[in-house]
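This is what each chain is made of:
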Amino acid sequence: MSLPLAGLSALVTGAGRGLGRAEALELARLGAAVVVNDHGQPGRDGSGAASAGPAEQVAAEIRAAGGTAVPHTGDVSDFQQAEELVASAIDRFGKLDILVNNAGILRDRMVFSMTEDEWDAVIRVHLKGHFNTTRFAAAHWRERAKAAGGAVYGRIVNTSSEAFLAGSAGQPNYAAAKGGIVGLTTSTALALAKYGVTANVICPRARTRMTEDVFAGLRQPEEGLDPLAPEHVAPLVGYLAAPAAAGVNGQLLVVHGGMVAVIERPRVRARFDSEQEAFTYDELDALLTPHYADRPPGETFAAAEVLGLGRGDKAKGAPA
């Protein structure tokens, strides 16, 4: 079989279970040597004692299939531990080529009931965790590019969520973190392009420990692959990590159940110019109030329609 990632090394965070596990297995199947990172806490809210078990099990699974993998249990939300994690990949394999950020937790609650700790914990693990590993991987690639006098190989695949796109009402912390990850990704894509590094972000939908409540009512098929299996997501991560995706940078893609949707960047829907030096309240009232008067009730900047996408559907404006 083709091994597009042969000779490359990868680091996958949150790889002990669910999506991260499937992604680590796919990268190894495509030829990459993998650092399997997972802090190993049993609770999906980040509770419980850390454990080496999940990372070690996935690394062993990769090795049993003939691949190369080492486990790591560092906490990506800790700046120093994230530095040590990236350094461990470089020390073990001589360089780091691919970074897949997937680690995360859930602490769902409506915004009027959310505690400070529930907010801080989710932002810390998701958004700060993505930043921490990205910061040290980016420094590594920049140093290598300077030493080489030209571009090097680098790939970042970050994990956002449809909760950000659709504005999940019961997940203000999670939606905010996932939106922040998109901003981090596009900024990183522009900053690192000159070094040969790409950064992209996916919004996956899968049946995992974190989503067991969301998809509890959707039964798995008796035969064939579950449409919500993480294995539907992993091939896209493998592609974005590969040389073939060199021209894909700063992009947002939704993926699940045999479907990939390329999300278009925001466009200006309407523009209003003041007829004076500066707007007045009355002028804005005269322009904006009629503009919004005919909009559908409840319509916001959120794109809830992405939740209705499925295999075989065609998004508005998508190529036939």
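Worth saying up front: this structure is predicted, and the values here are computed from it rather than measured. Every chain is numbered independently, its residues counted from 1 as its sequence is written. Reporting in this predicted model follows two pLDDT cut-offs: at least 70 for local features of residues, and 80 or more for side-chain atom pairs to be given and counted; totals over whole chains, interfaces and linings ignore these cut-offs and use all residues. To get the side-chain values, take all heavy atoms of the structure and skip hydrogens and water.

Enquirer: How would you explain the overall build of the protein if you had to name every residue and give the values?
Expert: Along the protein, the regular secondary structure elements total eight helices and eight strands. Taking 20 Å as the expected radius of gyration for a compact globule of 320 residues, we find that the protein reaches 21 Å, a close match to that expectation. Along the three orthogonal principal directions, the C-alpha set of the protein runs to about 70 × 55 × 45 Å. The buried share among the 320 residues of the protein stands at 45%. Residue contacts are defined here by distance: any two heavy atoms, one from each residue, within 4.5 Å place the two residues in contact. Within the protein, counting contacts between residues at least 6 apart in sequence, those at least 24 apart form 69% of the total. Taking the 30 positively charged and 36 negatively charged side chains of the protein as two groups, their mean positions are separated by 7 Å. Counting from the N terminus, the helices are DSSP H or I runs at least four residues long and the strands are E runs at least two residues long. In this description the radius of gyration comes from C-alpha coordinates, and the expected globular size is given by 2.2 Å times residues to the power 0.38. Remark: exposure states derive from per-residue accessible area (1.4 Å probe, protein chains only) relative to the maximum for the residue type, with buried under 20%, exposed over 50%, and partly exposed in between. Just so you know, the count uses Lys and Arg for positive and Asp and Glu for negative, and it drops His and the chain ends. A charged residue contributes its charge at one atom only: NZ of Lys, CZ of Arg, CG of Asp or CD of Glu.

Enquirer: Give a description of the pattern of salt bridges that names residues and reports values.
Expert: When a carboxyl oxygen of Asp or Glu is within 4 Å of a side-chain nitrogen of Lys or Arg, the pair counts as a salt bridge. Applying the stated rule across the entire model yields 12 salt bridges. A salt bridge links E162 to R205; its shortest N-O distance comes to 2.7 Å. Within this pair, whereas E162 is found in helix α5 (residues 162-166), its partner R205 is found in the loop between β6 (197-204) and α7 (234-240), the two being separated by 43 residues in sequence. Taken individually, E162 and R205 each receive the classification buried, so the pair is uniform in this respect. Put simply, R269 and E299 hold a salt bridge, and the shortest N to O gap is 3.6 Å. Taken together, the residues span a long stretch of sequence, with R269 in the loop between β8 (259-262) and α8 (281-293) and E299 in the segment after α8 at a distance of 30 residues.

Enquirer: Could you give an account of the packing of helix α4 (residues 116-148) against helix α6 (residues 172-192), with specific residues and numbers?
Expert: The axes of two packed helices give the description: the angle between them and the distance between them. In this analysis, axes come from line fits to C-alpha atoms, helices being fitted only over the stretch in contact, and the angle between any two N-to-C directions falls in the range 0 to 180 degrees. Running from amino to carboxyl end, α4 crosses α6 at an angle of 15°, the nearest separation of the two axes being 8 Å. Judged by the angle between their axes, α4 and α6 are roughly parallel. For α4 against α6, the interelement crossing comes out right-handed. Counted together, E118, W119, V122, I123, H126, L127, H130, F131, T134, A138 and W141 of α4 and P172, N173, Y174, A176, A177, K178, G180, I181, L184, T188 and L192 of α6 form the full contact between these two elements. Residues belonging to the contact of α4 with α6 are distributed by class as follows: 14 nonpolar, six polar and two charged. In these notes the angle categories are as follows: under 35 degrees is roughly parallel, over 145 is roughly antiparallel, 65 to 115 is roughly perpendicular, and the rest is oblique. Crossing handedness: left-handed means the near helix sits turned counterclockwise from the far one by under a right angle, and right-handed means the same turn made clockwise. Following the grouping adopted for this structure description, the nonpolar residues are Ala, Val, Leu, Ile, Met, Phe, Trp, Tyr, Cys and Pro, the charged ones are Asp, Glu, Lys and Arg, and the polar ones are all others, Gly among them.

Enquirer: Quick rundown of α4? Include the residues and the values.
Expert: In this scheme, a helix's expected span is set at 1.5 Å multiplied by one less than its residue total. Helix length check: α4 (33 residues) gives 46 Å between terminal C-alpha atoms against 48 Å at 1.5 Å per residue, within 8%. Where α4 bends most, at K128, the angle is about 35°. Once α4 ends, the next one or two residues include G149, with phi positive near 70°. Note on bend: the value at a residue is the angle between axes fitted to the seven residues ending there and to the seven starting there.

Enquirer: I'd like a description of the confidence of the model for the protein, backed by residues and values.
Expert: The predictor attaches a confidence to each residue, and that confidence, scored 0 to 100, is pLDDT. Confidence along the protein averages 91 in pLDDT terms, with 90% of residues attaining 70 or more. Residue range residues 315-320 is modelled with pLDDT below 50. Its contacts to residues more than four positions away, or to other chains, number three contacts.

Enquirer: Tell me about the packing of helix α1 (residues 18-29) against helix α2 (residues 53-64), and please be specific about residues and values.
Expert: Taken N-terminus to C-terminus, the directions of α1 and α2 make an angle of 25°; their axes are 10 Å apart at the nearest point. Taken as axis vectors, α1 and α2 run roughly parallel relative to one another. The handedness of the crossing between α1 and α2 is right-handed. Every residue of α2 that contacts α1 at R21, A24, L25 and A28 is listed here: V58, E61 and I62. Across the contact of α1 with α2, the residue classes break down as five nonpolar, no polar and two charged.

Enquirer: Please set out the sheet that holds strand β1 (residues 9-12) residue by residue, giving values where relevant.
Expert: Strands sit in the order β3-β2-β1-β4-β5-β6-β7-β8 across an open sheet of eight strands; the sheet is mixed. Only two strands of the sheet have a single neighbouring strand rather than two, namely β3 (69-72) and β8. The average angle at which neighbouring strand axes cross in this sheet is 20°, direction not considered. Should DSSP find at least two bridges between two strands, the strands are regarded as paired. Summarising the sheet, strand β5 (residues 154-159) and β6 pair through six bridges and their orientation is parallel. Bridged to R155 within β6 is T198. Running over the sheet, α2 touches β2 (33-37) and β3 and is turned about 180° from β3. Along the sheet, helix α3 (residues 79-93) contacts β1, β2 and β3; its crossing angle with β2, the most-contacted strand, is approximately 155°.

Enquirer: Can you lay out a nonpolar patch on the surface for me, pointing to particular residues and giving the numbers?
Expert: Residues forming no salt bridge and having over 30% relative accessible area are the ones grouped into patches, like charges within 9 Å of each other and nonpolar side chains (Val, Leu, Ile, Met, Phe, Trp, Tyr) within 5 Å. What sets the accessible areas is the Shrake-Rupley method with a 1.4 Å probe; for residues, cover comes only from the shown protein chains. A cluster of nonpolar side chains, F279, L284, L288 and Y292, forms an exposed patch at the surface whose accessible area comes to about 350 Å². Tracing the chain through its elements places L288 in helix α8.

Enquirer: Explain the environment of E305 residue by residue, including any values.
Expert: Take E305: it is sitting in the segment after α8. Residue E305 is classed as exposed on the basis of its relative accessible area, which comes to 59%. When the C-alpha positions of E305 and I98 are compared, they lie 32 Å apart, and in sequence the two are 207 residues distant.

Enquirer: How would you explain the packing of aromatic side chains if you had to name every residue and give the values?
Expert: Only Phe, Tyr and Trp rings are paired, with Trp represented by its six-membered ring, and only when their centres lie within 6.5 Å; those with planes under 30 degrees apart are stacked, over 60 edge-to-face, the remainder tilted. Summed over all chains, the structure comprises two aromatic pairs. Aromatic pair F79 and F131: ring centres 6.3 Å apart, planes at 15°, arrangement stacked. Within this pair, whereas F79 is found in helix α3, its partner F131 is found in helix α4, the two being separated by 52 residues in sequence. Exposure remark for F79: the relative accessible area of 36% places this residue in the partly exposed category. The exposure class assigned to F131 is partly exposed, which follows from its relative accessible area of 37%. Judged by centre distance (4.8 Å) and plane angle (50°), the ring pair of F79 and F136 falls under tilted. Within this pair, whereas F79 is found in helix α3, its partner F136 is found in helix α4, the two being separated by 57 residues in sequence. Its relative accessible area of 11% is what places F136 among the buried residues. Think of it as a cone above the ring: NZ of Lys or CZ of Arg counts as a charge over the ring if it is within 6 Å of the ring centre and within 35 degrees of the ring normal. Positioned over the ring face of Y153 is R155, at 4.2 Å from the centre of the ring.

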